[in-house]
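Tertiary structure, described
The residues making up each chain are set out below.
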Amino acid sequence: PPFSNFLRKGVLLSKSCGVGGRNVEWDYKLYFMAKVYVAGEDLSRADRVIKNLRKDGHTITYDWVVSINEGPSREKAKAELEGVRKADVFVHLWEHDQESARYEAGMAMGLAKPIIVSGKTDAFFFQLPNVFCVVSDDEIVEAVNKYLEK
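Because the structure is a prediction, the values reported are computed rather than measured.

1. With respect to the nonpolar core
Ranked by size, the top nonpolar core spans 37 residues in total, and within it V38, L53 and V144 carry the most contacts. When residues of this core are traced back to their parent elements, those giving at least two are β3 (35-39), α1 (43-55), β5 (89-93), α3 (100-110), β6 (115-118), β7 (131-134) and α4 (140-149). Per-element accounting of this core gives the leading share, six residues, to α4.

2. Examining the confidence of the model for the protein
Close inspection of predicted coordinates is inappropriate for parts of the model with low pLDDT. Of all residues in the protein, 78% have pLDDT values of 70 or greater, and the mean over the chain is 81. The element-level mean pLDDT for the protein is lowest in strand β1 (residues 11-19), coming to 45, with β3 highest at 97. With pLDDT under 50 throughout, residues 1-18 is counted as low confidence; its partners more than four residues away or in other chains account for 49 contacts. In this model, residues 26-30 is a region of pLDDT below 50 whose contacts with residues beyond four sequence positions or in other chains number 20 contacts.

3. Focus on a nonpolar patch on the surface
A contiguous nonpolar patch, built from F124, F125 and L128 and spanning about 350 Å² of accessible area, is present on the exposed surface. The residue F125 is located in the loop between β6 and β7 in this model.

4. Focus on helix α2 (residues 74-86)
With 13 residues, α2 should reach 18 Å at 1.5 Å per residue; the first-to-last C-alpha distance of 18 Å fits that figure. Residues of α2 that are buried make contact with β3, β5 and α3.

5. What to know about the pattern of salt bridges
Inspection of every chain in the model, using the stated rule, returns six salt bridges. Residues E82 and R85 are paired through a salt bridge, measuring 3.4 Å at the closest nitrogen-oxygen approach. Highlighted residues: E82 and R85, both in helix α2, separated by three residues, approximately one helical turn. The exposure class of E82 is partly exposed, given its relative accessible area of 33%. A relative accessible area of 43% means that R85 is categorised as partly exposed.

Conventions used here
- Residues numbered from 1 in each chain as written.
- Predicted model: local features only at pLDDT ≥ 70, side-chain atom pairs only at ≥ 80, totals over all residues.
- Heavy atoms only, no water.
- Core = buried A, V, L, I, M, F, W, Y, C linked by side-chain atoms within 4.5 Å.
- Buried < 20%, exposed > 50% of the residue type's maximum accessible area, 1.4 Å probe, protein only.
- Helix = DSSP H or I, 4+ residues; strand = E, 2+ residues; numbered from the N terminus.
- pLDDT = per-residue confidence, 0-100.
- Contact = heavy atoms within 4.5 Å.
- Patch = residues over 30% accessible without salt bridge, like charges linked within 9 Å, V, L, I, M, F, W, Y side chains within 5 Å.
- Areas by Shrake-Rupley, 256 points an atom, 1.4 Å probe, with all protein chains shown as cover.
- Salt bridge = Lys/Arg side-chain N within 4 Å of Asp/Glu carboxyl O.
- Expected span 1.5 Å × (residues − 1).

Structure representation (structure tokens):
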């Protein structure tokens, strides 16, 4: 499975140990979250999704939003490619007229990454078994978490 190195979200563990001659017990949860690459055109939309994913404990493999003002460069293109490669899950913020995010989505498809698409559900390539569509950006964090639970 793609997440074999992950524990399921919210695995409840119990621990018992002796402290000062007493046996103390407690429960705690382990959370191992996904490394995510977010592709899109709308900066405020991408920034909002990235913040929501981070707030839930996920790691962003490359935050292109913070470096957008640097302009295009070979180094930035390599960093974005490496971000897609390192991702456990690829999030595509679909918009009608976008170029870069489609290239990145193509890279993710070629690497057989699980892809969550927000904003469109009926495109031809979105029918692939590793593509999951959500109607709203508000559903992205839940979709990533559900995928981790598989």
